[in-house]
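So you can see what is in the structure, the chains are spelled out below.
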Amino acid sequence: MTHFTPWQSLIGGLLIGFSTLLLIRWLGKVAGISGIVGQLWAGNASDKAWRLAFVIGLLLSPFVYQVFTPLPEIQIAAGLPVLIVAGLLVGFGTRLGSGCTSGHGVCGLSRLSLRSLVATLTFMLVAMVVVWLSRH
């Protein structure tokens, strides 16, 4: 565990939890990335401003992080075709599961949603199986 970063992980988790709390409290909305992005294009005009601000915040966050500490080196061992198929599978799974890991895992579990518990357990189980299969 040479790259274990407990303090950055703790601070990141607290920021995610706090921003989720603010979004639910102020707007009554769940911070599921797939729903936010999906409704950015198809949603009504009154919702577009906060959705756009959320997405811009996601895109700018690495630059803010970089002010405090260097960004970690990113290494992607897969080629472009594998990445495209993986992205399409994630999109399909998100639609099939009626949400993504952030919506179900962070927001749904915090609201004690049974559907989100089942979805999160399914995400985790499939991820473990895929990692096991790809490494054995």
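This report concerns the structure included in the present document. Keep in mind the model is a prediction, meaning the values are calculated, not measured.

**Structural notes on the overall build of the chain**
Point 1. A tally of helices and strands in the chain yields six helices and zero strands.
Point 2. Its helices and strands taken in sequence order, the chain reads α-α-α-α-α-α from the N to the C terminus.
Point 3. Each principal axis of the C-alpha atoms in the chain carries an extent, and together these give about 50 × 40 × 30 Å.
Point 4. In the chain, which comprises 136 residues, the share counted as buried stands at 17%.
Point 5. Across the chain, contacts joining residues at least 24 apart in sequence account for 32% of those joining residues at least 6 apart.
Point 6. For the chain, the accessible surface area stands at approximately 10,800 Å², while carbon and sulfur atoms represent 74% of it.

Conventions we followed
- Throughout, a residue's number is its position along its own chain's written sequence, starting from 1.
- Side-chain atom pairs in this predicted model are given and counted only at pLDDT of 80 or more, local residue features only at pLDDT of at least 70, and totals for whole chains, interfaces and linings cover all residues.
- Hydrogens are left out, water is left out, and the side-chain values use all remaining heavy atoms of the structure.
- Numbering of helices and strands runs from the N terminus, with a helix taken as a DSSP run of H or I at least four residues long and a strand as a DSSP run of E at least two residues long.
- A 1.4 Å probe rolled over the protein chains alone gives each residue an accessible area, and that area as a share of the maximum for its type sets the label: buried under 20%, exposed over 50%, partly exposed in between.
- Whether two residues are in contact is decided by their heavy atoms: any pair within 4.5 Å suffices.
- Only the protein chains shown count as covering a residue, and every accessible area follows the Shrake-Rupley method with a 1.4 Å probe.

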